[in-house]
Amino acid sequence: MKAYSVIPEPVSFRIFSDSPVFTLTDALTLEGTDRAEGCFQELLSFIKDVFCVEVLSCGKEKIRMEISGEGASEGYSLKVERDRIILTGNDEKGLFYAVQTLKQLLFQSEGSLPAMEITDYPRFSVRGFMLDCGRYFFTVDAVKQFIDMMALHKLNEFHWHLSEDQGFRCQLEDKLLLTEIGSYRSHTNFNSIPHEGYYTKADMLDVINYAHSKYIKVIPEIDSPGHVMAMLAAYPELACFPRDFSVSTFWGVKHDVLCIGKESTIDFMKEVYGELAEIFTDGVIHLGGDEVPTVRWKSCPDCQRLMKEKGMKDESDLHTDYLDTIGPFLQEKGIEVRMWNDRVKENMTDKSLTWQLWNGEMKKEEVVKELNSGRKFVLSCSDYFYLDLPYARTSLEKAYDFDYEAEGLTAKGEKNILGIEACLWTEFVPDMLTADKMTYPRLAAM
Ligand code: ACM
Ligand code: ZN
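All chains use their own residue numbering, which begins from 1 and follows the written sequence. Here every chain gets a letter starting at A, and every ligand a number starting at 1, in the order they are written. Reporting of local features is limited, given that this is a predicted model, to residues whose pLDDT is at least 70; pairs of side-chain atoms are given and counted only at 80 or more, and all residues count toward the totals for whole chains, interfaces and linings. Remark: hydrogens and water are excluded; side-chain values derive from all non-hydrogen atoms of the structure.

Caption draft 1: Fine view of the pairing of strand S7 (residues 126-132). Exposure categories follow from relative accessible area, calculated using a 1.4 Å probe and restricted to protein chains: below 20% of the type maximum is buried, above 50% is exposed, and the middle band is partly exposed. Strands are runs of DSSP state E lasting at least 2 residues, helices are runs of H or I lasting at least 4, and numbering of each runs from the N terminus. Burial analysis of S7 places seven of its seven residues in the buried class, the great majority of the element. Burial of S7 is two-sided: the residues Val126, Gly128, Met130 and Asp132 facing one way and the residues Arg127, Phe129 and Leu131 facing the other way are all buried. A crossover gets the label right-handed when its path from the first strand over the helix to the second runs clockwise, viewed with the strands pointing away from the viewer. A crossover links S7 with its parallel partner strand S8 (residues 157-161), the connecting element being helix H3 (residues 140-152), and its sense is right-handed.

Caption draft 2: Main features of the coordination of the zinc ion (ligand 2). Protein-derived coordination of the zinc ion (ligand 2) comes from Cys240 (SG), Cys259 (SG), Cys300 (SG) and Cys303 (SG), at a distance range of 2.3 Å. Metal donors: N, O and S atoms at distances within 2.8 Å, or within 3.2 Å for Na, K and Ca, with water omitted from the atom set so that some sites may seem incomplete. Angular criteria define each label, namely tetrahedral for four donors with all angles between 85 and 135 degrees, square planar for four and octahedral for six donors with opposite donors over 155 degrees apart and remaining angles between 65 and 115, and irregular for whatever fails these tests. Of note is the zinc ion (ligand 2), whose four donor atoms meet at the metal with angles of 105 to 112 degrees in an arrangement that counts as tetrahedral.

Caption draft 3: Structural view of the sheet that holds strand S13 (residues 217-224). What makes two strands pair is DSSP finding at least two bridges between them. Pairing is parallel around the closed barrel formed by eight strands, whose spatial order is S7-S8-S13-S14-S15-S16-S17-S18. The mean inter-strand angle of the sheet, taken between neighbouring strand axes irrespective of direction, is 30 degrees. Judged from the three bridges that link them, strand S14 (residues 284-288) and strand S15 (residues 336-341) form a sheet pairing that is parallel. Within S15, the position partnered with His286 by the bridge is Arg338. Running at roughly 165 degrees to S14, helix H10 (residues 316-331) makes contact with S13, S14 and S15 of the sheet. The angle between two axes is taken between their N-to-C directions and runs from 0 to 180 degrees, where each axis is a line fitted to C-alpha atoms and a helix contributes only its stretch in contact. By the convention used here, residues are in contact when the closest approach between their heavy atoms is within 4.5 Å.

Caption draft 4: Examining the packing of H3 against helix H5 (residues 201-212) more closely. Contact geometry for H3 and H5: axes closest at 10 Å, N-to-C directions at 15 degrees. Regarding the angle of H3 to H5, the classification is roughly parallel. Note that H3 runs across H5; the crossing there is right-handed. Along its contact with H3, which presents Val140, Val143, Lys144, Ile147 and Asp148, the element H5 presents Asp203, Asp206, Val207, Tyr210 and Ala211. Each residue gets one label: Ala, Val, Leu, Ile, Met, Phe, Trp, Tyr, Cys and Pro are nonpolar, Asp, Glu, Lys and Arg are charged, and the others, such as Gly, are polar. Considered class by class, the residues forming the contact of H3 with H5 number six nonpolar, no polar and four charged. If an angle is under 35 degrees, it is roughly parallel; if it is over 145, roughly antiparallel; if it lies from 65 to 115, roughly perpendicular; otherwise it is oblique. Helix crossings are classified by the rotation of the near helix relative to the far one: an anticlockwise turn of less than a right angle makes the crossing left-handed, while a clockwise turn makes it right-handed.

Caption draft 5: Representation of the state of the cysteines in the model. Criterion for a disulfide: a pair of cysteine sulfur atoms at a distance within 2.5 Å. Within this structure, the stated rule accounts for zero disulfides. The structure places no disulfide on Cys58, whose sulfur is separated from the nearest cysteine sulfur, that of Cys39, by 18 Å. Cys58 sits in the exposed class, given a relative accessible area of 64%.

Caption draft 6: Quick look at the nonpolar core. Buried Ala, Val, Leu, Ile, Met, Phe, Trp, Tyr and Cys residues form a nonpolar core when they are joined through side-chain atoms within 4.5 Å. One finds Phe138, Phe158 and Trp160 to be the most contacted residues of the largest nonpolar core, which totals 132 residues. Apart from the residues lying within four places of it in its own chain, the contact partners of Trp160 are Leu131, Cys133, Val143, Tyr199, Met204, Val207, Val218, Ile219, Pro220, Glu221 and Phe280. Residues Trp358, Tyr386, Leu389 and Cys423 belong to the second largest nonpolar core, which totals seven residues.

Bear in mind that shape data such as this cannot, by itself, settle questions of function.
Written out as structure tokens, the structure is:
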């Protein structure tokens, strides 16, 4: 019996016959709910692109698409019987995933399928992919290619890393200098050629609409209070010690970060995230919050004054205070707030802020303690999920084998693990050719 692979591996998958019972032809009867219109179009364009078959008329072979309105969200079943295929989504998303599975199967079978039955639903509600467009700018078309591949693998969150020391990519009408100055670097770590690019509001809406057509949420990230050299180049007054800053040309953690002690910095960042929240309406915003050195804060009169006023013991409390100020500002608008998690400190940031775990240095017991206390996590454990790491370190097999249980993350707070996300950081990924090599097939494995 020929073996078939479906990614991700379905909850249940049975094959009942050796020989095909269904074969694609140009005379195919499509029937089912009106809500399946988009799914039919998706399937027909796949059939046309891959098999050069344009479905012209109704015939004996049938594909039926339905929505049951029952069962786990995003779940579906797929049945191949004599001369017919029945796709049933528990909801619209589920039907869309049934179509992705059918595409995967048809692709492997050259258009003929044996009798089979698949039932599937997700283990995690968050299945994400992050693209760092801060280090290197990727065009809207390139971003859409990633979104296509995400959809094929039933991933449902595109985390768009839009700012870095090396570039600010998201045009904000209220703060045009951020992109006018911050989107250009004089040279890169690869060569002495300038690099630039940013997304207009129309570009971002185009990406958002495209992602939505594939049931993918878009989660924007403007990283702060660290990784802000491009912002400081545009608005130096946001720093503890304002002077001429340049957009970084080389990667690495920088000492200059936002001055938390100045009220004006906080107001500025509320305006930045406020405008971001108007463009990106999927209800999740990422604040960044990773890799923040405290060296400037230690000698900044404004930061030291705030520490004294609030009775803070050390500079890392300023970091917490910042996230605990901006976070609730967005939460009041009904937004789920995410942030990178580099380290854990007792009571660091409000428990309602979701942490994206990336750093292997965080002790397992501490993660479990946080989970049990109600903190929600997205797992991006770098050794498994960082697509920029060389294959020699994170092999395909390793990317496939990640298991949070084996990592010791089972806990009574296990339900607080929202899901997983793979990240393509682009310090060393200047173009699509490199991006594809690093991303696939490890993203599929995740
Ligand atoms: C990170 O890798 N700095 C989130
Ligand atoms: Zn300061």
